Amino acid sequence: MTERAPLSARRAGPLKGRVRVPGDKSISHRALILGALAVGKCNISGLLEGDDVLNTAKAVVALGAAANRHGDGEWEVRGVGVGGFAEPARSLDFGNSGTGCRLMLGAVAGCPITAIFDGDASLRRRPMRRVLEPLQRIGARANSAEDGRLPVTLTGADDPIPIVFEPPVPSAQLKSAVLLAGLSAPGQTVVIEREATRDHTEKMLAYFGAAVRVEPNGDFGRGRRVTLDGQPELVPQAIVVPADPSSAAFPLVAAIITAGSDIMLDGVMMNPLRIGLLTTLGEMGASIERIDTRTEGGEEVADLRVRSGVLRGVDVPASRAPAMIDEYPILAVAASFAEGETRMRGLKELRVKESDRLAATAAMLRINGVEVEIEGDDLVVRGRGRAPGGGVVATHMDHRIAMAGLVMGLSSEQPVSVDDAGFIATSFPGFGRLMTGLGADFT
Ligand code: S3P
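These numbers come from a predicted model, not from an experiment. (Residues numbered from 1 in each chain as written. Predicted model: local features only at pLDDT ≥ 70, side-chain atom pairs only at ≥ 80, totals over all residues. Heavy atoms only, no water.)

1. Description of the nonpolar core
Counting residues in hydrophobic clusters, the biggest one holds 75 residues, and the most contacted among them are Leu265, Leu281, Met344, Phe431 and Met435. Among the elements that make up this core, the one with the highest residue count is helix α8 (residues 245–257) (nine residues). Residue contacts for Met435: discarding those within four places in its chain leaves Leu15, Pro251, Ala254, Leu410, Ala440 and Phe442. Of all hydrophobic cores here, the second largest spans 65 residues; its members include Val53, Val131, Leu180 and Leu205. (Core = buried A, V, L, I, M, F, W, Y, C linked by side-chain atoms within 4.5 Å. Buried < 20%, exposed > 50% of the residue type's maximum accessible area, 1.4 Å probe, protein only. Helix = DSSP H or I, 4+ residues; strand = E, 2+ residues; numbered from the N terminus. Contact = heavy atoms within 4.5 Å.)

2. A few points about the pattern of salt bridges
If charged atoms from side chains of opposite charge come close, those side chains can pair. Scanning the model with the defined rule gives 42 salt bridges in all. A salt bridge links Arg294 to Glu296, with the nearest nitrogen and oxygen atoms 3.1 Å apart. By relative accessible area, which is 22% here, Arg294 ends up partly exposed. On the accessibility criterion, Glu296 (24% relative accessible area) is partly exposed. Note that Arg357 is salt-bridged to Asp326, the shortest N-O span being 3.6 Å. Remark: Asp326 occurs in the loop between β18 (315–316) and α10 (328–336) and Arg357 occurs in helix α11 (residues 357–366); sequence separation between them is 31 residues. Arg357 sits in the buried class, given a relative accessible area of 0%. (Salt bridge = Lys/Arg side-chain N within 4 Å of Asp/Glu carboxyl O.)

3. Observations regarding the sheet that holds strand β22 (residues 392–393)
Judged by pairing direction, the sheet is mixed, and its four strands sit side by side in the order β22-β23-β1-β24 without closing on themselves. The open sheet has two free edges, formed respectively by β22 and β24 (441–442), since each of these has just one partner strand. Relative to strand β23 (residues 416–418), helix α12 (residues 399–409) is tilted by about 165°, and along the sheet it contacts β1 (7–10), β22, β23 and β24. (Pairing = 2+ DSSP bridges. Axes fitted to C-alpha atoms, helices over the stretch in contact; angles between N-to-C directions.)

4. Re the site of the ligand
If you check the shell around the ligand, you find Lys25, Ser26, Arg30, Thr99, Ser171, Ala172, Gln173, Arg198, Ile325, Asp326 and Lys353 and nothing else. Within the backbone of Gln173, a nitrogen or oxygen atom sits 2.9 Å from an oxygen atom of the ligand. Between the ligand and the protein, one listed contact pairs an oxygen atom with a side-chain N or O atom of Lys353 at 2.7 Å. Contact with the protein chains covers 96% of the free accessible surface of the ligand, which is 380 Å². Where the shell around the ligand is concerned, the elements lending two or more residues are α1 (25–37) and α6 (172–182). With three residues, the top contributor of residues to the shell around the ligand is α1. For the shell around the ligand, the class distribution of residues is two nonpolar, four polar and five charged. (Near = heavy atom within 4 Å. Polar contact = N/O pair within 3.5 Å; in protein donor to acceptor, adjacent residues only side chain to side chain. Areas by Shrake-Rupley, 256 points an atom, 1.4 Å probe, with all protein chains shown as cover. Nonpolar A, V, L, I, M, F, W, Y, C, P; charged D, E, K, R; others polar.)

Below, the structure is given as structure tokens:
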């Protein structure tokens, strides 16, 4: 258990400057895992070097692949081929990361080996049954702690069976785990999503030469049907990781709510399944300009010019949640500084993130004098264009609650403290430095 690292943020001048946030977390995990399942050498640049991703790198090495760092964000992975993982000598520790753990459960489920999956206290509280059930249908065997939690001992299938899977909740982690296990199965593995979730796994699999078909599914084509032909030979390709929109969200909202601010965020990934926050902030009246939209590493990216401005409350539909599932804590901060009510609908999944993020977000606002309610699965913030601040935010081992709390303190009347900023390093190493470089006052 590491020591707690409290930190406070207070009002200072406007935020100014041009920065690039670290590489996308989702793509970074997938780059390491697919690189490890490909045959030969895969070069990655811009890899996020946060604790979550570094734990995934350690796991692929423990499973027999090589992952070597050659410089800042520059990595080379040597893969062992689909189904080629070796049995690890020790248990695999995924720290705080649900993505690393669930994706690797899928990757290991297609190999005839046994591995123990574990994580920190936060990850040990998160549901794993949702992923173990389809993996058991594929032929893996799993032994978990009570109620399907970690630690989990997983024995991969000797003869993996291709399945048709309809995830009970919209989750890219679930979809990805099944697709990764399906790589080892003969025939077609199909995932039918009622609502589309981030599509990085399917895109990267296709980039590595697998046959993956993606078709619209369901009402208004909001869902997707993903079909993967099993047992491909994955051919490694160079991967350039774009800047993470979920990390960019923090300086972005900070600039919007801090009077006089004008910042540029370089090379932010604009994948449509990741940018629900930009749509929502646009509806609230924020000024976010997309400059030089281009394609990098197979993803659309843009530089974002963000200026401070007045926000109004909005109704955020539940259908948008998959495209901004990690952004609700920081949206709730923006909503606190808006005029009027913001209702964020359909947030049940937030209860099983790194913390019970629905409760933690509401508590963060409340302790800082903002009127907030949880109504069923909705979060309702009654914004007054200002926040009193003065609270100490309980972060519950959750990096996004810690960053959201600190951003709130930049514009609230009294400073805001967070009880532990240590977990920020899981997804956004250098957050404090980047923010103070823009003019934030963190002590
Ligand atoms: C992720 C999927 C999301 C998200 C997480 C990253 C991924 O989780 O919250 O931060 O990379 O697939 P769920 O799939 O559980 O919604």
